[in-house]
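Coordinate analysis (summary)
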Amino acid sequence: MNRLVHLAVAVTLLTCSGFAVSASLTVAEIEQQIEQKQSEFDNYNKNLDIEINASRTLEQELAKLRNSSAKLEQERLRALNEMNLAYEKLVEDPSLNIDSARKAYSSAVKAHKDNKDAITQKYNEWQTQLNKVEHVRLAKHSLLNKLEGLKEQYNTARVDRLYREFGRQDTILVSHQLTCDREETIAKCMERGKNLAKQKASKRFLDEVYEGLTESVEAKQHRPYSDGYVQIVRSEVTNNSFSGLGDFSVSMAVEIKGTLKRNEGCALLGLDRRYCVSQEQVAQIAEPDSSQLLNVSTDESVMYELTLRSNVYDDEVFIDGVSYGSTKLQIMLPAGKHDIEVVKRGYQSHVQTLDMTQSTTLKVDLERTQYAFNKGEKIQDILAGDIAGPNLVVVSAGTFRMGDLSGVGLDNERPVATKEIIESFGISETEITVADFNKFVEQTSYVTDAEKDRGCAYYEGGEPVWRAQLNWRAPGFAQSNTHPAVCLSMKDAQAYVDWLTEKSGNSYRLPTEVEWEYAARAGKESDFWWGDSIGIDNANCGWCGSQWSNVSSAPVASFKRNGFGLYDTAGNVWEWTTSDNSQNGAVVRGGAWNFAPRLARVSTRMEMDPAFRSNYIGFRVLREQQK
């Protein structure tokens, strides 16, 4: 889902080089680094505003000089005309003195030339300042990613500290007195007394553990929802006695160890559970069983046959979100409810929930729709030369609230504003892949900006590093045809959509950032389309728990699609969009495999130089509805 600062991801395992914090650092040390980086980031924001204002001032001064150029040219022509008239009079009267006319012309020529030189100088100053702005902007976003990475490390360190503190071991001295029951033997009374003493010791120890935690206030607040417990290592009776009235007293030394499952640490600190999940657990989470994939809670031993027909050809059948091709279709399904959807371009989609209690034949009649996209419709244009275009999903018109709805975003995500999408549009269901872009290159012999000059940037040590050998074919990590195409500038992306327009006869372009956020939200107002927490293995971003996090991009559609049918709107690679609220008209959205989870939120936006390219920026395309 940056031109984000010319950040780029390292060819080597960047996960560890750019952001990793030494495991020996304490929570306090990481907190100090965060405070320092936050201060630096705030200064970068101030400096960026100063540099932008300076560039605007230079642009205004350049405009004034250009306006003066036309006036000075008129003055030069007027002076030339007067000098020519003076020379004509000199021919008739050689005694005339025309020095004033010649000086006036010479002065006008010099003023015009000085102005042209000033324009050249001012233009160069302006361009230098624009480069300075871009450099500061890139440095700012690099620092932002460092800062967010430190916050991830900070939360992990907090859990580690809690885990260590909770696991302490100590000996508790405790005394307990009880009255033996009349029908209770002395041995049983003594055993009961010792057990009650152990319980008292355990309760006291656990209370002491919570009181002794560095974050005791937070932990005690969540204590009722956690499962921290203690383990008695050994116990010893130091004294015991009976009174003549049947009272038993016992004193014990109980050695106790605190025990906390790592996932419970996140519950105690109120953190997302991804900070408490091991890689082995992530692998298990990433491989759900077939019943989970079908989203059917039923006895899979009971299977029924569904026969599905429709009145059109080349339709597509989706059952529980999975495509099963076109009708006529016969398939065995487990007993229970299933979501059935039949779609075809130019027709209204058929959607229903079918409760399979017996073998069933379903006949679907699709009704044609004129000049309009259908919500959720799957589109694929066949380009000239019988080349398949990218797969598109129709997003219907509507309104939504855009920006930092949760209040945890960056300043440039505010204020929140209500936006209206007037026309439905088609948008590629995945980021444009290596295979998609290769079709374009093979047909046009197009050479990308990275291949022409300087190569592509990757992210190393918290800074963008350019390497001439990197480009969309070799981005610095292993990729397949199904990976998103990266190392592409906005110009490269625009060339691709222009080609689609030419070869399909339909209007393709890059989405605006308003359209992008509308499609990415899919009707939700949370930070991610599935909720306000990144969770575990929901997306490919730094510290998101996937096998690709901080390593490389992932093959497209490796994670679930959102409610509108789009894949990878959170993470994987940043995506180029156009914007009226950007100095350069270019903004990247969606986050990337080597950027912190907070930057993968749906409202995060990063202004970028359109010429920038890196191995963590790609794009998806939009097709306008035919009029």
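Everything below is about the structure shown above.
Now for a quick tour of the structure. (Residues numbered from 1 in each chain as written. Predicted model: local features only at pLDDT ≥ 70, side-chain atom pairs only at ≥ 80, totals over all residues. Heavy atoms only, no water.)

1. Overview of empty space enclosed by the protein
Stated formally: Buriedness for pockets is judged along seven lines, at least five of which must meet protein on both sides within 12 Å for an open set on the 1 Å grid over protein atoms alone, while cavities are sets there where a 1.4 Å probe fits but cannot get out, and lining residues have an atom within 4 Å of a point. Grid points are joined across faces, edges and corners, and a volume is the space filled by probe spheres set on the points. For this classification, the nonpolar set comprises Ala, Val, Leu, Ile, Met, Phe, Trp, Tyr, Cys and Pro, the charged set comprises Asp, Glu, Lys and Arg, and every other residue, Gly included, is treated as polar.
Empty space within the largest cavity amounts to approximately 50 Å³. Lining the largest cavity are W529, W530, N538, A539, N540, F559, K560, D568, T569 and A570. A per-class count over the lining of the largest cavity returns five nonpolar, three polar and two charged. A volume near 40 Å³ is recorded for the second largest cavity. Taken together, A520, D527, F528, W529, T569, A570, A600 and V602 make up the lining of the second largest cavity. Classifying every residue of the lining of the second largest cavity gives six nonpolar, one polar and one charged.

2. Things to note about the packing of aromatic side chains
Here is the rule: Each Phe, Tyr or Trp ring (for Trp, its six-membered ring) is paired with any other whose centre lies within 6.5 Å, and the angle between the two planes then decides the class: stacked below 30 degrees, edge-to-face above 60, tilted in between. Two conditions define a charge sitting above a ring: the NZ of Lys or the CZ of Arg must be within 6 Å of the ring centre, and it must be within 35 degrees of the ring normal.
On inspection of all chains with the given rule, the structure shows 21 aromatic pairs. Members of the aromatic cluster, joined through ring pairs, are F437, F440, Y446, W472, Y496, W499 and F619. Directly above the ring of F318 sits K378, whose terminal nitrogen or CZ lies 4.8 Å from the centroid. Of note, R454 hangs over the ring of W466, and the distance from its end group to the ring centre comes to 4.0 Å.

3. With respect to the packing of helix α3 (residues 99-166) against helix α6 (residues 262-269)
Rules: Orientation is described by axes fitted as lines to C-alpha atoms, over the contacting stretch for helices, and by angles from 0 to 180 degrees between their N-to-C directions. Helical segments are the DSSP runs of H or I of at least four residues, strand segments are the runs of E of at least two, and each set is numbered from the N terminus. Orientation categories follow fixed angle ranges, with anything under 35 degrees roughly parallel, anything over 145 roughly antiparallel, 65 to 115 roughly perpendicular, and all other angles oblique. Contact criterion: two residues are considered in contact whenever any of their non-hydrogen atoms come within 4.5 Å of each other.
Direction vectors running N to C along α3 and α6 enclose 110 degrees, while the axes themselves pass 9 Å from each other. When the axes of α3 and α6 are compared, the pair comes out roughly perpendicular. Between α3 and α6, the residues in contact are T156, R158, V159, D160, L162, Y163 and F166 and R262, G265, C266, L268 and L269, respectively. Here the residues of the contact of α3 with α6 sort into seven nonpolar, two polar and three charged.

4. A few points about the sheet that holds strand β25 (residues 622-624)
To keep things clear, this is the line we draw: When DSSP locates at least two bridges between a pair of strands, those strands are taken to pair.
The five strands are arranged β11-β14-β17-β25-β20 in an open sheet whose pairing can be described as antiparallel. A strand with exactly one partner marks an edge of an open sheet, and here the two such strands are β11 (378-379) and β20 (508-509). Two strands pair when backbone bridges link them, and β20 and β25 are joined in this way by two bridges, in the antiparallel orientation. In the sheet register, R509 faces β25, and the bridge partner there is L622.

5. Regarding the environment of V312
Structurally, V312 can be placed in the loop between β4 (303-310) and β5 (316-319). Separated by 53 residues in sequence, V312 and D365 place their C-alpha atoms 7.9 Å apart. Not counting the four nearest positions on each side in its chain, V312 is found in contact with T327, K344, Y347 and L366.

6. Some words on the nonpolar core
Threshold: For this analysis, a nonpolar core means a set of buried residues of the types Ala, Val, Leu, Ile, Met, Phe, Trp, Tyr and Cys, connected via side-chain atoms within 4.5 Å. Partly exposed residues are those whose accessible area sits between 20% and 50% of the maximum for their type, while under 20% is buried and over 50% is exposed, using a 1.4 Å probe and protein chains only.
Core analysis: the largest hydrophobic core is formed by 53 residues, its most contacted members being F437, Y496, W574, W576, Y616, F619 and V621. Counting residues per element, the ones that place at least two in this core are α3, β14 (392-395), α9 (434-444), β18 (456-460), α11 (490-504), β21 (574-578) and β22 (586-589). With seven residues, the top contributor of residues to this core is α11. With sequence-adjacent residues up to four places away left out, F619 is seen in contact with E431, I432, F437, L488, A493, Y496, L510, W574, E575 and W576. Residues V174, C189, A219 and C276 belong to the second largest nonpolar core, which totals 28 residues.

7. Here we look at the packing of α9 against α11
Any two packed helices are characterised by the angle at which their axes cross and by the distance between the axes. Viewed as axis vectors pointing N to C, α9 and α11 meet at an angle of 75 degrees, and their least axial separation amounts to 11 Å. Judged on the interaxial angle alone, α11 and α9 are roughly perpendicular. Between α9 and α11, the contacting residues are D436, F437, K439, F440, Q443 and T444 on the first element and D492, A495, Y496 and W499 on the second. Here the contact of α9 with α11 is composed, by residue class, of five nonpolar, two polar and three charged.

8. Observations regarding the side chain of R613
Spelled out, the test is: Polar contact is defined as a pair of N or O atoms within 3.5 Å, subject to the rule that within protein one atom must be able to donate a hydrogen and the other to accept it, and that residues adjacent in sequence are counted only when both atoms are side-chain atoms.
Relative to the helices and strands, R613 resides in the loop between β23 (605-607) and β24 (617-618). A polar contact is formed between the side chain of R613 and the backbone oxygen of D449, at a distance of 3.4 Å. Sequence-distant contacts of R613, defined by excluding residues within four places in its chain, comprise D449, A450, D453, R454, G455, C456, A457, W466, C487, L488 and S489.

9. Topic: unusual backbone geometry
Excluding glycine, residues mostly carry a negative phi; peptide bonds, for their part, are mostly trans. Omega for the bond connecting R414 with P415 falls within 30 degrees of zero, at 0 degrees, which places this linkage in the cis form. On the secondary structure map, P415 appears in the loop between β15 (398-402) and β16 (417-421). Notably, S445 is not glycine yet its phi reads approximately 60 degrees, a positive angle. With respect to the secondary-structure elements, S445 resides in the loop between α9 and α10 (449-452). For S445, a relative accessible area of 59% translates into the label exposed. In this model, C487 sits at a positive phi of 60 degrees, which is unusual for a non-glycine residue.

10. Things to note about the pairing of β14
Of the two faces of β14, the one holding L392 and V394 and the one holding V393 and V395 are both buried throughout. Alignment of β14 against strand β17 (residues 425-428), held across four bridges, turns out to be antiparallel. Across the sheet, the residue bridging to V393 is I427, located in β17.

11. Topic: the pattern of salt bridges
Heads up, the rule is: For this document, the term salt bridge refers to a Lys or Arg side-chain nitrogen within 4 Å of an Asp or Glu carboxyl oxygen.
Under the criterion given, the structure shown has 44 salt bridges. Between E517 and R521 there is a salt bridge, with its nearest N and O atoms 3.0 Å apart. Of this pair, E517 and R521 both sit in helix α12 (residues 513-521), four residues apart, roughly one helical turn. The residues E517 and R521 share a single accessibility class, namely buried. Overlapping salt bridges bring together E134, R137, E513, E517, R521, R589, R605 and E607 as one network.

12. Structural notes on the side chain of S582
When you line up the elements, S582 lands in the loop between β21 and β22. Ignoring sequence-local partners within four residues, the contact set of S582 consists of V587 and E607.

13. Considerations on α9
Rules: As used here, the arc belongs to the directions running from the helix axis to the C-beta atoms.
Looking only at α9, the buried set comprises V434, D436, F437, F440 and V441. Looking down the long axis of α9, one finds its buried residues gathered within 165 degrees of arc, a one-sided arrangement. Contact partners of the buried residues in α9: α11. Directly beyond the C-terminal end of α9, a positive phi value near 60 degrees is found at S445.

14. A few points about the state of the cysteines
Applied cut-off: Our working definition of a disulfide is a cysteine sulfur pair at a distance within 2.5 Å.
Inspection of every chain in the model, using the stated rule, returns four disulfides. The disulfide bridge from C266 ends at C276, spanning 2.0 Å between sulfur atoms. Across the S-S bond of C266 and C276 the torsion is about 100 degrees, and the bridge reads as right-handed. Linking C266 in helix α6 with C276 in the loop between α6 and α7 (279-285), this pair joins segments that are ten residues apart in sequence. Comparing C266 with C276 shows no difference in burial state: the two are buried. Paired through a disulfide, C541 and C544 show a sulfur-sulfur distance of 1.6 Å. Note on the C541 and C544 pair: the S-S dihedral is about -50 degrees, so by sign convention the disulfide is left-handed. Classification of C541 as buried rests on a relative accessible area of 0%. If you count the bonded cysteines of the protein from the N-terminus, they pair up as 1-2, 3-4, 5-6, 7-8.

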